[in-house]
Amino acid sequence: MAGSTDAVEPAGLPDDDPFRLAGRRVRRKILILAAAAVLLAVTGVVAVSVGASGVSPRDVGWALWTRTFGVTIAAEDLATQTVVWELRLPRIALAVVAGAGLAVAGVVLQGLLRNPMVSPFTLGISSAAAFGASLTILFGDSSGRGDAMMVATALAMALLCAGLLLGLSWLRQASPVTLILVGTALTYLFQALTSTMQYIASENQLAEIVRWSFGSVNAATWGQVAAVGGPVVVALVLLVGQAGNLNAIAFAGDEAARGLGVHVARTRLLCSLLAVMLAAVIVSFTGVIGFVGLVAPHIARLLIGADHRFLLPFAAIAGALLVLAADTAGRTLFAPAVIPVGIVVAFLGAPLFINLLLTRRRQFL
């Protein structure tokens, strides 16, 4: 009896068995993802609890409890409800979904182009979307960030920029380095066009373009959260479904991926469109927030590896944490003054990226 049991006992496998090692790696990555999600939730609770209005964590908990379960509140608690539900929570939620979307877009573009320096910002996509939004502010009937015309114009300009880059890649067989250089040139071009819009704008239009170009989640609403969060969730689900194809392209290249049965052109087109759509929609609601799509993917790879099945969701959490932490710092460190999140992200992202360059420089060569 003992012999028959031993014949099927999985514990008899050696410790270095590849199936057992693969299972351990998967479990470890799942634990890392779970820990990151918990950290994001804790950071969100802290972010709701700090600010210039003097709302304590206990007040926040009571406001969440009463609104969630429909508990009747006293008149003196109405101000706390307003601060928590109409000011802080939409702002935090928009920061989370915007950071997640920008990070996911960065992961996809870096994988498709096999270049660690790629991001929506360095390819000029964010600057193109910013130019489109500036056009709407100057010539359109825009009611503010994220209205339908602004989103459509920002998306059109971002698609134009991405089309130029991808067209060059396909028609001229340009190297990734060449694409980065072209993206840098397009970034300067669209920034110059945006500066031209600022030069000819009226005083009120100029103020709106400048505030918008800083990148901010001020005055966020639940409608904006839904408009950004919906595309982010849909795109993330679709991209995780393409994780195997992304792995093949990123690790082996186009030719080897075709040999593995991957429809490279279709995968590249679908994933590129999703990444561009994410960047354009987010920029049209928050303004330009740089560094997130560049730094968050590298932080995620450092902690969880390059497998896109785990890299995509973890990068989303890392990007959300980065933007949320930056916004919380921007509205609390110099209160009552509020520093736009795009500025704070640059202060946080620049030293992080320099550190990555110095400690993991071989990956960037």
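Note that the structure is a prediction, hence the values are computed from the model and not measured.

Draft legend 1. Region of the structure containing the overall build of the protein. Scanning the protein for helices and strands turns up 15 helices and zero strands. Across the 365 residues of the protein, 46% fall into the buried class. Counted over contacts in the protein with a minimum sequence separation of 6, partners at least 24 positions apart contribute 75%. Total accessible area computed for the protein in this model is approximately 17600 Å², and 68% of it derives from carbon and sulfur atoms.

Draft legend 2. Examining a nonpolar patch on the surface more closely. On the surface, Val38, Val42 and Val46 cluster together into a nonpolar patch covering about 250 Å² of accessible area. Within the secondary structure layout, Val46 lies in helix H2 (residues 18–49).

Draft legend 3. Highlighting the packing of aromatic side chains. Within this structure, the stated rule accounts for one aromatic pair. An angle of 40 degrees between the planes, with centres 6.1 Å apart, marks the rings of Phe131 and Phe190 as tilted. On the criterion of sequence distance, the pair formed by Phe131 in helix H5 (residues 125–139) and Phe190 in helix H7 (residues 176–200) is long-range, its members being 59 residues apart. For Phe131, a relative accessible area of 10% corresponds to the buried category. On the basis of relative accessible area, Phe190 is assigned to the buried category, the value being 4%.

Draft legend 4. Quick peek at the nonpolar core. Ranked by internal contacts, the top residues of the largest apolar core, which has 101 residues, are Val84, Val108, Leu123 and Ile125. In terms of residues, this core owes the most to one element, helix H4 (residues 78–113), which gives 20 residues.

Draft legend 5. Molecular detail of the environment of Leu239. Summarising the element assignment, Leu239 is placed in helix H9 (residues 222–241). Leu239 sits 74 residues away from Pro313 along the chain, and the two C-alpha atoms are 9.8 Å apart.

Draft legend 6. Local environment of unusual backbone geometry. Of note in the backbone geometry, Arg114 takes a positive phi value of approximately 55 degrees without being a glycine. Here Arg114 lies in the loop between H4 and H5. Despite not being glycine, Phe291 shows a phi value in the positive range, around 75 degrees. Residue placement: Phe291 occurs in the loop between helix H12 (264–286) and helix H13 (292–304). The class for Phe291 is partly exposed, based on a relative accessible area of 27%.

Draft legend 7. Structural detail: the environment of Phe291. Distance in space between the C-alpha atoms of Phe291 and Pro120 is 9.1 Å, their sequence separation being 171 residues. Each residue touching Phe291, except ones within four places of it in the same chain, is listed here: Ala296, Val345, Ala346, Gly349, Ala350 and Phe353.

Draft legend 8. Molecular detail of the packing of H4 against H12. One way to put it is that H4 packs onto H12 with a least axis distance of 9 Å and a crossing angle of 150 degrees. Taken as axis vectors, H4 and H12 run roughly antiparallel relative to one another. For the pair H4 and H12, the sense of crossing is left-handed. Along the contact surface, H4 presents Leu94, Val97, Ala98, Gly101, Leu102, Val104, Ala105, Val108, Leu109, Leu112 and Leu113, while H12 presents Arg268, Cys271, Ser272, Ala275, Leu278, Ala279, Ile282 and Thr286. Residue composition of the contact of H4 with H12, grouped by class: 15 nonpolar, three polar and one charged.

Draft legend 9. Spotlight on the pattern of salt bridges. With the rule as written, the count across this model stands at five salt bridges. Between Arg268 and Asp254 there is a salt bridge, with the nearest N and O atoms lying 2.6 Å from each other. One end of the pair, Arg268, is in helix H12; the other, Asp254, is in helix H11 (residues 254–259), and 14 residues separate them in sequence. Arg309 is the partner of Asp307 in a salt bridge, and the nearest nitrogen-oxygen pair spans 2.6 Å. Classification of Arg309 as partly exposed rests on a relative accessible area of 47%. One connected set of salt bridges, linked through shared partners, spans Arg91, Asp327 and Arg331.

Draft legend 10. Region of interest: the side chain of Asn247. Examined against the element boundaries, Asn247 turns out to sit in helix H10 (residues 243–252). With relative accessibility at 12%, the residue Asn247 sits in the buried group. Within the structure, the side chain of Asn247 is placed 2.8 Å from the side chain of His308, a separation counted as a polar contact. When neighbours within four sequence positions are excluded, Asn247 is seen to be in contact with Ala252, Ala306, Asp307 and His308.

Draft legend 11. The confidence of the model for the protein, seen in detail. Of the residues in the protein, 86% have a pLDDT of 70 or more, and the chain-wide mean is 84. Predicted confidence for residues 1–10 stays below pLDDT 50, and this span has one contact to residues more than four positions away or in other chains.

Draft legend 12. Structural detail: helix H14 (residues 308–332). Taking 1.5 Å per residue, 25 residues should reach 36 Å; H14 reaches 35 Å between its end C-alpha atoms and fits that length. Burial runs high along H14: 20 of the 25 residues are buried.

Draft legend 13. View of the environment of Ala47. Relative to the helices and strands, Ala47 is located in helix H2. For Ala47 and Arg331, which are 284 residues apart along the polypeptide, the C-alpha to C-alpha distance reads 9.9 Å. What Ala47 contacts, discounting residues up to four positions off in sequence, is Arg88, Ile92, Leu324, Thr328 and Arg331.

Conventions adopted
Residues numbered from 1 in each chain as written. Predicted model: local features only at pLDDT ≥ 70, side-chain atom pairs only at ≥ 80, totals over all residues. Heavy atoms only, no water. Helix = DSSP H or I, 4+ residues; strand = E, 2+ residues; numbered from the N terminus. Buried < 20%, exposed > 50% of the residue type's maximum accessible area, 1.4 Å probe, protein only. Contact = heavy atoms within 4.5 Å. Areas by Shrake-Rupley, 256 points an atom, 1.4 Å probe, with all protein chains shown as cover. Patch = residues over 30% accessible without salt bridge, like charges linked within 9 Å, V, L, I, M, F, W, Y side chains within 5 Å. Salt bridge = Lys/Arg side-chain N within 4 Å of Asp/Glu carboxyl O. Phe/Tyr/Trp six-rings, centres within 6.5 Å; stacked < 30°, edge-to-face > 60°. Core = buried A, V, L, I, M, F, W, Y, C linked by side-chain atoms within 4.5 Å. Axes fitted to C-alpha atoms, helices over the stretch in contact; angles between N-to-C directions. Parallel < 35°, antiparallel > 145°, perpendicular 65-115°, else oblique. Left-handed = near helix turned anticlockwise from the far one by under 90°. Nonpolar A, V, L, I, M, F, W, Y, C, P; charged D, E, K, R; others polar. Polar contact = N/O pair within 3.5 Å; in protein donor to acceptor, adjacent residues only side chain to side chain. pLDDT = per-residue confidence, 0-100. Expected span 1.5 Å × (residues − 1).

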